[in-house]
Every structure is written in structure tokens, then in C-alpha cells.
Amino acid sequence: MEAIFGSVLPFVFIIAIAYFLMVRPQQKRAKEAQNMLSSLQKGDSIVTIGGLHGVIDEVDSEGKTVVLDCEGIYLTFERRAISRIVTKVDSVQTTTTEELGTNTPDSTNEEEL
């Protein structure tokens, strides 16, 4: 009995190490990718697995597709073809006109011009 336990124990140990070094990180990455794909929404800037950059115009939950606006050209892709999100709609900062200022000079003195 001890001989069997002694010969099986190294294999169990190797399998446990392989699980924690290979399988678990892969499952974690797959879960993160699934969360990223489920959070896609209209207006997000994305990159496909083929390297195409575009903005999401439409998300079809039933068909699992997205329609991308690539500089006026609309292309339909499977959701799983999305590699990464460059910018989310929520994270895009809007600038108000007060921050931008006006396009008129502050002084109207013609000698300075």
C-alpha cells in the first residue's frame, strides 16, 4: 500500500501544479474576456482580433453580433471577434464651452493687432 501511495503521489503533485500554473490562469482570462464582451455598448471604441479599429454602432444580443462604424463604413462582426475595448462610452470626457472659451480676442485694441 505504501509503495502505491509513494509512486502515485508525485503524479498527483505534478497534476496539481499543472492545474494552478496552466488551467486556472486560462480560466481567469476567459472569464475576463467574457465580462468584456458582455459589457460592450454603443459608442465604445474597440479593436477586433484582425486589428480593425472602429466604434460600436449597434449591439445585437440575440444574434451575438456588433455593427462597427469604421469611418463611415458599417461592418458586422461576431462579438467574439472583439479583441479589446480602447475607450468606453462612460470614460469619454466631455468638454464644456466654458472650458474651451470663445474664438474672439479679449481686447479690441487695434494697435495690438
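From a predicted model like this one, the values you see are computed outputs, not experimental measurements. (Residues numbered from 1 in each chain as written. Predicted model: local features only at pLDDT ≥ 70, side-chain atom pairs only at ≥ 80, totals over all residues. Heavy atoms only, no water.)

A. Seen up close, the overall build of the chain. Looking only at helices and strands, the chain has two helices and five strands in total. Element order for the chain, N to C, with α for helix and β for strand: α-β-β-β-β-β-α. In the chain, which comprises 113 residues, the share counted as buried stands at 15%. Long-range contacts, defined as pairs at least 24 residues apart, comprise 41% of the intrachain contacts of the chain with a sequence gap of at least 6. Total accessible area computed for the chain in this model is approximately 9,500 Å², and 57% of it derives from carbon and sulfur atoms. (Helix = DSSP H or I, 4+ residues; strand = E, 2+ residues; numbered from the N terminus. Buried < 20%, exposed > 50% of the residue type's maximum accessible area, 1.4 Å probe, protein only. Contact = heavy atoms within 4.5 Å. Areas by Shrake-Rupley, 256 points an atom, 1.4 Å probe, with all protein chains shown as cover.)

B. Region of interest: helix 1 (residues 2-38). Compared with the 54 Å implied by 1.5 Å per residue over 37 residues, the 51 Å span of helix 1 between its first and last C-alpha is a close match. The sharpest bend along helix 1 reaches about 40° and sits at Tyr19. (Expected span 1.5 Å × (residues − 1). Bend = angle between axes of the 7 residues up to and from the residue.)

C. Quick look at the nonpolar core. Core analysis: the biggest nonpolar cluster contains nine residues, these being Met36, Leu37, Leu40, Ile46, Ile56, Val66, Leu68, Cys70 and Ile82. Secondary structure elements with two or more residues in this core: helix 1 and strand 3 (65-70). The greatest single-element share of this core, amounting to three residues, is contributed by strand 3. Apart from the residues within four sequence positions on either side, Leu37 is in contact with Arg79, Arg80 and Ile82. (Core = buried A, V, L, I, M, F, W, Y, C linked by side-chain atoms within 4.5 Å.)

D. Looking closely at the pattern of salt bridges. Applying the stated criterion to the full structure yields one salt bridge. Between Lys88 and Asp44 there is a salt bridge whose closest N-O contact spans 3.1 Å. A residue pair is termed long-range when its members are at least 10 positions apart, and Lys88 in the loop between strand 5 (82-87) and helix 2 (97-100) and Asp44 in the loop between helix 1 and strand 1 (45-48) qualify at 44 residues. The exposure class of Asp44 is buried, given its relative accessible area of 0%. (Salt bridge = Lys/Arg side-chain N within 4 Å of Asp/Glu carboxyl O.)

E. Up close: the packing of aromatic side chains. Summed over the entire model, instances satisfying the criterion amount to one aromatic pair. With centroids separated by 5.2 Å and ring planes inclined at 80°, the aromatic side chains of Tyr19 and Phe20 adopt a geometry described as edge-to-face. (Phe/Tyr/Trp six-rings, centres within 6.5 Å; stacked < 30°, edge-to-face > 60°.)

F. Structural detail: the pairing of strand 3. Of all six residues in strand 3, five are buried, a share of seventy percent or more. By the bridge criterion, five bridges tie strand 2 (residues 53-60) to strand 3 in an arrangement that is antiparallel. Residue pairing in the sheet places Val59 in a bridge with Val66 of strand 3. Hairpin connection, strand 2 to strand 3: the antiparallel pair is bridged by four residues, and Lys64 has positive phi, about 55°. As defined by bridge partners, strand 3 adjoins strand 4 (residues 73-78) across six bridges and the pair is classed as antiparallel. Of the residues in strand 4, the one forming a bridge with Val66 is Phe77. Between strand 3 and strand 4, which pair antiparallel in sequence order, lie two residues; one of them, Glu71, sits at a positive phi of approximately 55°. (Pairing = 2+ DSSP bridges.)

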